[in-house]
Amino acid sequence: GPAARLVAAAPYLALGTSVVAAALALAAAALASLAWRRPRALALPARLGEAVRRLALARFARALALLLGAEVPRLAALELAAWEADDRALTEAALRARSGLSQGGDLGEALAAADLPRALTRAVQAAERGGDLPATLRQLADIDEAEALAWLSRRSWRIAQVLIALTLGTAVAAGLTLAAPLLR
């Protein structure tokens, strides 16, 4: 009956499991070899880092807009927004800008001197000359966030497609491994 067929197929199942394990070990060795020859081969794409920085910049700009809109003093607002960004490089640059601002400069000039992104510094400088600074910062945050999330969405769909293909391939291999002894 079915139990006897399962017992008869047990050696083949063990063999199938061994083949899958060996294939995984070979794939891991190939990836390790590739990573050794080309150190950046397995590194995250550069655009992922850019997307993460844009999200941090959006958090920074949104927090700064909220604080300035609530009439928090600029020095305190800049420091609090820097910590809200949750990005070490951006936090350090914003704290350098805070230092420049404490010496009597404009916010836009202090941000530019601290090497913050040009789009941010230009927008702040223009808003300081005659615009609504909190609204400008919110718009900048919305733009950066939308672009970063759009890129991440496209990239995650590609990763999902690869994972689906791998899952289907594994399911087909497992099905063939199980069915081969039963079809004899």
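One numbering rule holds for all chains: residues counted from 1, following each sequence as written. Predicted model: local features are reported for residues with pLDDT of at least 70 only, side-chain atom pairs are reported and counted for 80 or more only, and whole-chain, interface and lining totals are derived from all residues. Hydrogen atoms and water are omitted, and side-chain values are computed over all heavy atoms in the structure.

K.L.:
What should I look at first to understand the overall build of the chain in this one?
P.N.:
Numbering goes from the N terminus for both helices and strands, where a helix is a DSSP run of H or I of at least four residues and a strand is a run of E of at least two. Counting secondary structure elements, the chain contains seven helices and zero strands. The linear arrangement of helices and strands in the chain, starting from the amino end, is α-α-α-α-α-α-α. Accessible area is worked out with a 1.4 Å probe on protein chains only. A residue is then buried under 20% of its type maximum, exposed over 50%, and partly exposed in between. Residue burial in the chain is summarised as follows: out of 184 residues, 25% are buried. In this description, accessible areas are obtained by the Shrake-Rupley approach with a 1.4 Å probe, and a residue is regarded as covered only by the protein chains that are shown. Total accessible area computed for the chain in this model is approximately 12,100 Å², and 63% of it derives from carbon and sulfur atoms.

K.L.:
What exactly am I supposed to notice about a nonpolar patch on the surface here?
P.N.:
A patch is a set of surface residues, each over 30% in relative accessible area and not in a salt bridge, joined within 9 Å for like charges and within 5 Å for the nonpolar side chains Val, Leu, Ile, Met, Phe, Trp and Tyr. We define a salt bridge as a contact between a side-chain nitrogen of Lys or Arg and a carboxyl oxygen of Asp or Glu at a distance within 4 Å. Taken together, the side chains of Ile-159, Val-162, Leu-163 and Leu-166 define a hydrophobic patch exposed on the protein surface, amounting to about 380 Å² of accessible area. Its place among the elements puts Leu-166 in helix H7 (residues 133-182). Under the relative-accessibility criterion, Leu-166 is labelled exposed at 54%.

K.L.:
Just checking my understanding: could you explain helix H4 (residues 88-102) for this structure?
P.N.:
It helps to recall that an α-helix has 3.6 residues per turn; residues three or four apart then point in one direction. Here, expected helix span is obtained from the residue count minus one, scaled by 1.5 Å. Its 15 residues give H4 an end-to-end C-alpha distance of 21 Å, which sits within 8% of 21 Å, the value for a rise of 1.5 Å per residue. What H4 keeps buried is the set Leu-90, Thr-91, Ala-93, Ala-94, Ala-97 and Leu-101. Projected down its long axis, H4 shows its buried positions confined to an angular sector of 165°, all on one face. Turned more than 90 degrees away from the buried face of H4, the exposed residues are Arg-88 and Ala-89. The positive-phi residue at the C-terminal boundary of H4 is Gly-104, with phi of around 100°. For this quantity, the arc is that covered by the directions from the helix axis to the C-beta atoms.

K.L.:
Help me out: how do you make sense of the side chain of Thr-91 in this one?
P.N.:
Inspection of the secondary structure assignment puts Thr-91 in helix H4. Any pair of nitrogen or oxygen atoms within 3.5 Å is treated as a polar contact; in protein, a donor-acceptor pairing is required on top of that, and neighbouring residues in sequence qualify only through side-chain atoms on both sides. Among the polar contacts made by the side chain of Thr-91, one reaches the main-chain carbonyl oxygen of Ala-82 at a distance of 2.8 Å. Setting aside residues up to four positions removed in sequence, Thr-91 forms contacts with Ala-82, Trp-83 and Asp-86. Whether two residues are in contact is decided by their heavy atoms: any pair within 4.5 Å suffices.

K.L.:
What's the story with the nonpolar core in this structure? I'm lost.
P.N.:
Note that soluble globular proteins tend to have their nonpolar side chains buried in a common cluster. Only buried Ala, Val, Leu, Ile, Met, Phe, Trp, Tyr and Cys residues count toward a nonpolar core, and they belong to the same one when joined by side-chain atoms within 4.5 Å. Core analysis: the biggest nonpolar cluster contains 32 residues, and Phe-60, Leu-64, Leu-78, Leu-107, Leu-111, Leu-120 and Leu-137 have the highest contact counts within it. Looking at which element gives the most residues to this core, the answer is helix H2 (residues 46-69), with ten residues. Not counting residues within four places of it along the chain, the set of residues in contact with Phe-60 comprises Leu-78, Ala-81, Ala-82, Ala-85, Leu-90, Ala-94, Leu-111 and Leu-120.

K.L.:
When you look at unusual backbone geometry in this model, what are you seeing that I'm missing?
P.N.:
A negative phi holds for most residues other than glycine; trans holds for most peptide bonds. One non-glycine residue, Asp-86, lies in positive phi territory at about 55°. Turning to its location among the elements, Asp-86 is positioned in the loop between helix H3 (74-85) and H4. A relative accessible area of 65% places Asp-86 in the exposed class. Non-glycine residue Asp-115 carries a positive phi angle of around 65°.

K.L.:
Just checking my understanding: could you explain the packing of H3 against H4 for this structure?
P.N.:
Any two packed helices are characterised by the angle at which their axes cross and by the distance between the axes. Every axis corresponds to a line fitted to the C-alpha atoms, with the helix fit spanning only the stretch in contact, and the corresponding angles, defined between N-to-C directions, vary from 0 to 180 degrees. Relative orientation of the contacting elements H3 and H4 amounts to 175°, with a least axis distance of 8 Å. Accordingly, the angle class assigned to the pair H3 and H4 is roughly antiparallel. Taken together, the residues of H4 that come into contact with H3 (itself represented by Arg-74, Leu-75, Leu-78, Glu-79, Ala-82, Trp-83 and Ala-85) are Leu-90, Thr-91, Ala-94, Leu-95, Ala-97, Arg-98, Leu-101 and Ser-102. For this classification, the nonpolar set comprises Ala, Val, Leu, Ile, Met, Phe, Trp, Tyr, Cys and Pro, the charged set comprises Asp, Glu, Lys and Arg, and every other residue, Gly included, is treated as polar. Of the residues that constitute the contact of H3 with H4, the class distribution is ten nonpolar, two polar and three charged. Should an angle fall under 35 degrees it is taken as roughly parallel, and over 145 as roughly antiparallel, whereas 65 to 115 is taken as roughly perpendicular and any remaining angle as oblique.

K.L.:
Explanation requested: the environment of Gln-139 in the structure shown.
P.N.:
Within the secondary structure, Gln-139 is located in helix H7. Sequence separation between Gln-139 and Ala-61 is 78 residues, and the spatial gap between their C-alpha atoms is 8.9 Å.

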